[in-house]
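Here is what each chain is made of, one letter per residue.
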Amino acid sequence: MNRTFEPRPGLLGIESYQAGESGLAGRDAVLKLSSNENPYGPSQKAVDAYRASASTLGRYPDSHHAELREAIAEVYGLAPGNLICGAGSDEVIALVCQAYAGNGDEIIYTEHGFLMYPILARAVGAEPVQVRERNRRTDSESILAACSPRTRIVLIANPNNPTGTMISAGEARNLADRLPGGVLLVLDGAYAEYAEGYDGGAKLVESCANVVMTRTFSKIYGLAALRVGYGYGPGNLIAAMNRIREPFNVSAPSLAAAEAAVRDVEYTKRCRDLNTRWRRWLADRLGRCGVPSDPSSANFILARFADPDTVSRCDAFLRARGILVRRMEKYNLPSCLRISVGDESGCRAVGDAIEEFMAGEK
Ligand SMILES: *Cc1c(COP(=O)(O)O)cnc(C)c1O
């Protein structure tokens, strides 16, 4: 009897996702600017709600996430019945892939797109198809040109990670309108709250049958540890995703904290304003010492260096000072470092260090 087990074909070819590093050997305190987390953490109201949920840990959570969906709907003016919650927006994107793609299908993502996308595509047996960007920006024309009869889904983050650039609401609408029938557009809005005046694609969802928006509590809401995200889409799509969703996919403490966080609109605004201010400061500072970056609409900047060797030296220089940023080889950007926007002291520390590094390069 043969008792060696092989996973599904193709599965062992998937490269595991690498998270941003969180520590350095031999150092207690590091400045972590490698995972785009909120440097101010969550709203105190979210922490209080999380603590209060400790009294009901013996009960299963609400499998319909009714109160959280109601809160999101109120704050953003959305229809609660068209919302679905997941263990991070990663789970919501995975549900879209599971419901709408499978063996032999194709899922399009972009040259510098989020590395979870090819993993989520392969996990359902679909082929991830990578298309070119234009100057580190999503290019609708290359997406449309790559569509084949096997294409089922287009996954783009807007603003994109790791470039920080975005396409306008008009461009997104144009792309949605021109996609062939049967192709879904997923707009991953993990950083949408940082983009002043942007609705993450909510209006587009409401007027197109082929668009789904995803959002997360991991970034501006500062709740990355709790794993909560949501999707907003046409009713029939959300219903299909709910059929395969696990009933208790989001824990009760996570639901409670997320609800309090989304309702604390003052705090969210304060985080957005501080991010805008310090993102501009950091980009200016690096620009002045010869490290340019594209205008970012997110909570990080993509710093461009002369070549991959300079990036290696700069990364080592920062590490020696206890500063962690993200290398970008896997995103086809070997001459770049992605730097999360920290609080004032974090931005000053990384700005000073890179200026010192660049002075030594001359
Ligand atoms: C951080 C991030 C997410 C969020 O993932 P969660 O599972 O919600 O923590 C989604 N998409 C992109 C592009 C991201 O950078």
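Residues numbered from 1 in each chain as written. Predicted model: local features only at pLDDT ≥ 70, side-chain atom pairs only at ≥ 80, totals over all residues. Heavy atoms only, no water.

(A) Quick look at the side chain of Asn38. Looking at the secondary structure, you find Asn38 in the loop between strand E1 (31-32) and helix H1 (44-52). Residue class for Asn38 comes out buried when judged on its relative accessible area of 8%. Here the side chain of Asn38 touches Tyr40 through a polar contact of 2.8 Å, landing on its backbone nitrogen. Apart from the residues lying within four places of it in its own chain, the contact partners of Asn38 are Tyr194, Lys219, Ile220, Gly222 and Cys271. (Helix = DSSP H or I, 4+ residues; strand = E, 2+ residues; numbered from the N terminus. Buried < 20%, exposed > 50% of the residue type's maximum accessible area, 1.4 Å probe, protein only. Polar contact = N/O pair within 3.5 Å; in protein donor to acceptor, adjacent residues only side chain to side chain. Contact = heavy atoms within 4.5 Å.)

(B) Summary view of the environment of Arg132. The residue Arg132 is located in the loop between strand E4 (127-131) and helix H5 (140-146) in this model. Take Arg132: its relative accessible area is 59%, and that puts it in the exposed class. Setting aside residues no more than four positions away along its own chain, Arg132 makes contact with Glu111, Asp139 and Ser142. A polar contact of 3.4 Å, which involves the side chain of Arg132, links it to the side chain of Glu111.

(C) Highlighting the packing of helix H3 (residues 88-100) against helix H4 (residues 116-123). Relative orientation of the contacting elements H3 and H4 amounts to 40 degrees, with a least axis distance of 9 Å. The angle between the axes of H3 and H4 places the two elements in the oblique class. As for the relative orientation of H3 and H4, their crossing is right-handed in sense. In this structure, H3 uses Asp90, Ile93, Ala94 and Cys97 to contact H4, whose residues at the interface are Met116, Tyr117 and Leu120. (Axes fitted to C-alpha atoms, helices over the stretch in contact; angles between N-to-C directions. Parallel < 35°, antiparallel > 145°, perpendicular 65-115°, else oblique. Left-handed = near helix turned anticlockwise from the far one by under 90°.)

(D) Fine view of the packing of H3 against helix H8 (residues 235-244). One way to put it is that H3 packs onto H8 with a least axis distance of 9 Å and a crossing angle of 95 degrees. Compared by their axis directions, H3 and H8 come out roughly perpendicular. Contacts between H3 and H8 pair Val92, Leu95, Val96, Gln98, Ala99 and Tyr100 from the former with Asn236, Leu237, Ala240, Met241 and Ile244 from the latter. Of the residues assigned to the contact of H3 with H8, the class counts are 9 nonpolar, 2 polar and no charged. (Nonpolar A, V, L, I, M, F, W, Y, C, P; charged D, E, K, R; others polar.)

(E) Fine view of helix H10 (residues 265-288). If you check H10, its first and last C-alpha atoms are 35 Å apart, about what 24 residues at 1.5 Å a residue would give, namely 34 Å. Regarding H10, the residues found buried are Tyr267, Thr268, Cys271, Arg272, Asn275, Thr276, Trp278, Arg279, Leu282, Arg285 and Leu286. Those residues of H10 that are buried lie in contact with helix H9 (252-263), strand E9 (300-304), strand E12 (336-340) and helix H12 (344-361). Gly290 lies just past H10 and shows a positive phi near 90 degrees. (Expected span 1.5 Å × (residues − 1).)

(F) Focus on the sheet that holds strand E5 (residues 151-157). The mixed open sheet is built from 7 strands, whose spatial order is E2-E8-E7-E6-E5-E3-E4. Two strands bound the open sheet, and with one partner strand each, they are strand E2 (83-86) and E4. Here the average twist between neighbouring strands, direction ignored, is 25 degrees. Two strands pair when backbone bridges link them, and E2 and strand E8 (residues 229-232) are joined in this way by 4 bridges, in the antiparallel orientation. (Pairing = 2+ DSSP bridges.)

That is the geometry; function is a separate question.
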